[in-house]
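# Structural features, examined
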Amino acid sequence: MNGKGLKNRRALFVALALVVLGGAAAVSCYLGMVPQAKAQESTTTSSMILMDTVVDVRVDGPRSASLVERVFARMEELERVFSRFIEESEVSEINRRAGEWVEVSPLTLELVELGIEMGRITEGAFDITIGAVLDLWGFGSDFHRVPTEEELADALATVDYTRVEVDGERGAVRIPQGTVLDLGGIAKGFIIHQATAILREAQVDRSMVNAGGDISVVGRRPDGRPWRVGVQDPEDPRSIRYVLPLDDQSVVTSGDYQRYFVVDGVRYHHIIDPFTGYPARGLRSVTIVGDNPAVCDAISTAVFVLGWERGRALVESLPGVEAIIISETGAWISPGLDQAMLTQ
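In contact at an axis separation of 6 Å, helix α8 (residues 293-306) and helix α9 (residues 308-317) are set at 145° when each is read in the N-to-C sense. Facing α8, whose interface residues are I299, A302, V303 and L306, α9 presents W308, R310, G311, L314 and V315. Grouping the amino acids of the contact of α8 with α9 by side-chain chemistry returns 7 nonpolar, 1 polar and 1 charged.

Attention now moves to helix α2 (residues 64-82). For α2, built from 19 residues, the straight-helix expectation of 27 Å at 1.5 Å per residue is met to within 8% by its first-to-last C-alpha distance of 27 Å. Check the buried side of α2 and you find it contacts β2 (43-50), β3 (53-60), α3 (90-96), α4 (106-121), α7 (184-201) and β7 (206-211).

As summarised here, the arrangement of the 3 strands in space is β4-β6-β5, forming an open sheet in which the pairing is antiparallel. What marks the edges here is a single partner per strand, and that holds for β4 (102-103) and β5 (165-167). Judged from the 2 bridges that link them, β4 and strand β6 (residues 172-174) form a sheet pairing that is antiparallel. Paired with E103 across the two strands is A172, which belongs to β6. Sheet contacts for α4: β5 and β6; angle to β5, the most-contacted strand, approximately 140°.

For the rest of this paragraph, the subject is the pattern of salt bridges. Tallied over the entire structure, the rule returns 19 salt bridges. Here R74 makes a salt bridge to E77, at a shortest N to O gap of 3.0 Å. Pair noted here: R74 and E77 are both in helix α2, with a separation of 3 residues, about one helical turn. Taking relative accessible area as the criterion, R74 reaches 23% and is therefore assigned partly exposed. Judged by relative accessible area, which is 36%, E77 ranks as partly exposed.

Thresholds applied
Residues numbered from 1 in each chain as written. Predicted model: local features only at pLDDT ≥ 70, side-chain atom pairs only at ≥ 80, totals over all residues. Heavy atoms only, no water. Axes fitted to C-alpha atoms, helices over the stretch in contact; angles between N-to-C directions. Helix = DSSP H or I, 4+ residues; strand = E, 2+ residues; numbered from the N terminus. Contact = heavy atoms within 4.5 Å. Nonpolar A, V, L, I, M, F, W, Y, C, P; charged D, E, K, R; others polar. Expected span 1.5 Å × (residues − 1). Pairing = 2+ DSSP bridges. Salt bridge = Lys/Arg side-chain N within 4 Å of Asp/Glu carboxyl O. Buried < 20%, exposed > 50% of the residue type's maximum accessible area, 1.4 Å probe, protein only.

Take a look at the structure:
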């Protein structure tokens, strides 16, 4: 999540209304698929560039216009707090003062703690201290390159989420000298979660927040059926491979086909394995469905890194988490999601 495009990790989800176009989900276009809401309801849809992507927000219910404004204002505020590519952000301050305790806001503390917890759950397959490695590859800039083994070894020595310290009483965070904290793999989902919380608290009839394919919905469509979201085919991203029902849930995809560069005929994508420092190999895309988009964000990356067998095992170990895992040779749909797709 930065102005130059570091962390658009998600393979774009598309609303079913845009299957033909094969583009990012546009909530305003989605309205044509379902009956209009009751006359007394108001519906507001709007788009804005945030977190280096197009963010679409739809809200149905009283005060929908003012709620959409609140949501965008909150998301913009949090991006300025969490992005390490914004000089005034709290994460930038943590990185500048590596080795020192840095007092931060409660939400930054919460996000860092969640990042550490996701590192623990995934046994390091998701790691919020991956920043130095990402910088070597140039993800976050307009200049991409393949780093040397020596450079990677030096950068990997700074990657270890367990060395991030949090002092809850002081509201402070400390990282080791040389470490680069990068919350881009979880911050977008966290921001979407905060935006959706505003809408839930306001008791909207229904809503959808779509940040470049990271989607969170409240309620169901006006016809009482779940929202339907298409998942791109990694072999042909202009096509839809699966259609998912989304019922008061969130969905996130990590794929190897959105951000990459080619050197000497080898394609290098942006989902970096924190154990090797190289792009993770073996999978093409991972789609995660769950209640919390921040958790989905982190798990989608971790499963991609872990690969076919270990990634499936992780999904099956997590209650309330469903997945579609696509490799070069096949696909796996978790039983709960498979059943939901069959019955909708």
